[in-house]
Amino acid sequence: MSEHAMRPVDAAWYHMDGPANRAIVTAVALTHEPLDFKKVRAAFSRRLLRFERFRQRVVESGVLIATPHWEDVPEVDLDWHLRLAALPAPHDEAALRSLVDELASTPLDRTRPLWQAHVVERVGSGSALVLRYHHCIGDGTAMMTVAAHLFETTQPPRPHGHRTAPPDAPPDLADQAVALLRGAGSLVSELVKWPDPASPFKGHFGTAKRVAWSHPVALADVKAVGEPTGAKINDVLVAATAGALRAYLAQRDVDVAHTTLRAMVPVDLRAPQNVGELGNEFGLVILDLPVSSADAAQRLALTKERMDALKHSTEAQAMRLLFEIFGRGPKALEDVASQVFGSKTSLVMTNVAGPREPVRLAGATIDRMMFCVPHPGEQLGLGVSIFSYRGAATLTVVADARLVPDPQAITQLFDREFAAMLRAASKPAAPAARRAPPR
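Residues numbered from 1 in each chain as written. Predicted model: local features only at pLDDT ≥ 70, side-chain atom pairs only at ≥ 80, totals over all residues. Heavy atoms only, no water.

Caption draft 1: Broad picture of helix α4 (residues 93–104). If you check α4, its first and last C-alpha atoms are 16 Å apart, about what twelve residues at 1.5 Å a residue would give, namely 16 Å. Here α4 has its buried residues at A95, L96, R97, L99, V100, D101 and L103. Against β2 (24–31), β5 (82–86), β6 (115–123), β7 (126–134), β8 (209–213) and α12 (407–426) lie the buried residues of α4. (Helix = DSSP H or I, 4+ residues; strand = E, 2+ residues; numbered from the N terminus. Expected span 1.5 Å × (residues − 1). Buried < 20%, exposed > 50% of the residue type's maximum accessible area, 1.4 Å probe, protein only. Contact = heavy atoms within 4.5 Å.)

This is the structure in structure tokens:
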């Protein structure tokens, strides 16, 4: 069987797995009408397996340092990778969340290609698809390319060859030095910060995970909330999430007025010529969530200010370069770096834009989509992700079951927080006070 070199950045994500926290993404799609399993199987065989990463497993080999490589699998056992599942009565979303909890807690078989999917029968009147894959296959932007081929849509998918691009050539040392110098100041400023304090989001992990998702919020409403202050969609959603996390921490007896809560946030750095390819092309920045502020309007203003500052920072490029370096070394080196940077934050937070128009799988229209971002390593106990589809956004939370046994409390607080922000934005402006006429 032939081997193909794994890009260093993807190797870094492969090594990101911890004993309890693994870099596995869990995606969920819901339909109003039942999915035909045979048709879904045919779609996966024809559409998903065209991507070589879903036909390859990972092996580690090397003379001095064992590094990950992609190895072709002679024949993919689709019956193992794609399975049929059923829910207990009453076949509702609560039962589906319990199944997703179980799947999100289960590691993938490393002797096989690193993905698995379950077609779940009788979820309400329809079905669900739960797809899990390792982050080394690709980031959120890359998986939108996969989705464009797996799902049926009225718009043509972006061009994509049957093989992903060959590994990038090692960056020139001069280019590495320039990029590192540009981002060194930002990284140093983060490293000298005190670690995030102890909270329900940090601690000793178990293997069990808990998952929850919010009600979808209309992007038109999100825009309406941000319009008066010029806040973007992402600013509003992150501010609403900060408000929900503040309320949750307060319920867990944290002094929210005197604490910090930082999130590790991915920033897409994919070059235009690499659009449509699998793999990971992003850097990371650290966002200080305004949880100490009791006022929703102030939280939105602070979120916008901090997000704007990060957009002009070179921190993401520097972190991307560090992934390039760590991916060329042993896992032990990356574990040390993960411990250092992970101590400064408490959670991972990401936002991915999905299809704007409805898509179908095996003829059934997908009603909702959401996904769980992994929070790998041994310090971050919470992953928060926002996914937009068909003009609405859904917040999904995945957490360690010991630390956050009730993630649905966070998603419910998000629903309440956003509703309050929308009501405040909908109130008519108070008329200006009339001046008394001059004498």
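Caption draft 2: Just the packing of helix α10 (residues 315–326) against helix α11 (residues 331–342), in detail. Where α10 contacts α11, the two axes come as close as 10 Å, and the packing angle between them is 155°. On the basis of the axis angle, α10 is roughly antiparallel to α11. Residue-level inspection shows M319, L322 and F326 of α10 in contact with α11, the latter providing L333, E334, A337 and F341. Looking at the contact of α10 with α11 residue by residue, the classes come out as six nonpolar, no polar and one charged. (Axes fitted to C-alpha atoms, helices over the stretch in contact; angles between N-to-C directions. Parallel < 35°, antiparallel > 145°, perpendicular 65-115°, else oblique. Nonpolar A, V, L, I, M, F, W, Y, C, P; charged D, E, K, R; others polar.)

Caption draft 3: Layout of the sheet that holds β2. Strand order in the open sheet formed by six strands is β5-β6-β7-β2-β14-β13, and the pairing between neighbours is mixed. Single-partner strands in this sheet number two, and they are β5 and β13 (360–361). Relative to strand β14 (residues 364–372), β2 is paired through six bridges, and the arrangement is antiparallel. From the neighbouring strand, A27 faces β14, where its bridge partner is F371. Set on the sheet, helix α2 (residues 37–48) makes contact with β5, β6, β7 and β13; between it and β5 the angle comes to about 150°. (Pairing = 2+ DSSP bridges.)

Caption draft 4: Highlighting the packing of aromatic side chains. Scanning all chains against the criterion turns up seven aromatic pairs. When the ring of W13 is compared with that of F282, the centres are 5.6 Å apart and the planes differ by 45°; the resulting orientation is tilted. One end of the pair, W13, is in helix α1 (residues 8–14); the other, F282, is in strand β11 (residues 282–289), with 269 residues separating them in the sequence. The same class applies to W13 and to F282, which are both buried. Considering the side-chain rings of F51 and F54, the 6.5 Å spacing of their centres and the 70° angle between planes classify their relative orientation as edge-to-face. (Phe/Tyr/Trp six-rings, centres within 6.5 Å; stacked < 30°, edge-to-face > 60°.)

Caption draft 5: Representation of the environment of F51. Examined against the element boundaries, F51 turns out to sit in the loop between α2 and β3 (56–61). Judged by its relative accessible area of 1%, F51 falls in the buried class. Along the backbone, F51 and E277 are 226 residues apart, and their C-alpha atoms lie at a distance of 9.8 Å.

Caption draft 6: The arrangement of the sheet that holds strand β4 (residues 67–72) in detail. Read across the sheet, three strands follow the order β1-β4-β3 without closing on themselves; strand pairing throughout is antiparallel. What marks the edges here is a single partner per strand, and that holds for β1 (3–5) and β3. Each neighbouring strand pair of the sheet contributes to a mean axis angle of 40°, computed without reference to strand direction. With six bridges connecting them, β3 and β4 associate as antiparallel partners. Paired with S61 across the two strands is T67, which belongs to β4.

Caption draft 7: Quick look at unusual backbone geometry. For the bond running from A89 to P90, omega is 10°, close enough to zero to count as cis. The residue P90 is located in the loop between β5 and α4 in this model. Of note in the backbone geometry, H91 takes a positive phi value of approximately 60° without being a glycine. You can call H91 buried: its relative accessible area is 17%. Even without being glycine, R122 reaches a positive phi, approximately 55°. Relative to the elements of secondary structure, R122 occurs in strand β6. R122 sits in the exposed class, given a relative accessible area of 53%.

Caption draft 8: Expanded view of the environment of S105. Inspection of the secondary structure puts S105 in the loop between α4 and β6. Here the alpha-carbon distance between S105 and R210, two residues 105 residues apart in the chain, equals 8.2 Å. If we ignore the near neighbours within four places in the chain, the residues touching S105 are T207, A208 and K209.

Caption draft 9: Just the side chain of R97, in detail. With respect to the element layout, R97 can be found in helix α4. For the buried R97, no salt bridge exists, and the shortest N-O distance to an oppositely charged side chain is 4.4 Å, to E93. Side-chain polar atoms of R97 contact the side chain of Q408, separated by 3.1 Å. If sequence neighbours within four positions are ignored, R97 has contacts with V211, A212, W213 and Q408. (Lys, Arg positive; Asp, Glu negative; His and termini not counted. Salt bridge = Lys/Arg side-chain N within 4 Å of Asp/Glu carboxyl O. Polar contact = N/O pair within 3.5 Å; in protein donor to acceptor, adjacent residues only side chain to side chain.)

Caption draft 10: Examining the nonpolar core more closely. Residues F44, F54, W115 and L361 are the most contacted members of the largest nonpolar core, which totals 64 residues. Beyond its immediate stretch of four places on either side in the chain, W115 contacts F44, L48, L49, F54, L78, W80, H81, L108, L131, R132 and Y133. Within the second largest apolar cluster, 48 residues are counted, among which are V222, V285, A393 and L413. (Core = buried A, V, L, I, M, F, W, Y, C linked by side-chain atoms within 4.5 Å.)

Caption draft 11: Molecular detail of the pairing of β7. Burial analysis of β7 places nine of its nine residues in the buried class, the great majority of the element. Pairing geometry for β2 and β7, over eight bridges, is antiparallel. Bridging across to β7, V25 finds its partner in Y133. With seven bridges joining them, β6 and β7 adopt antiparallel strand pairing.

On their own, these measurements won't tell you what the molecule is for.
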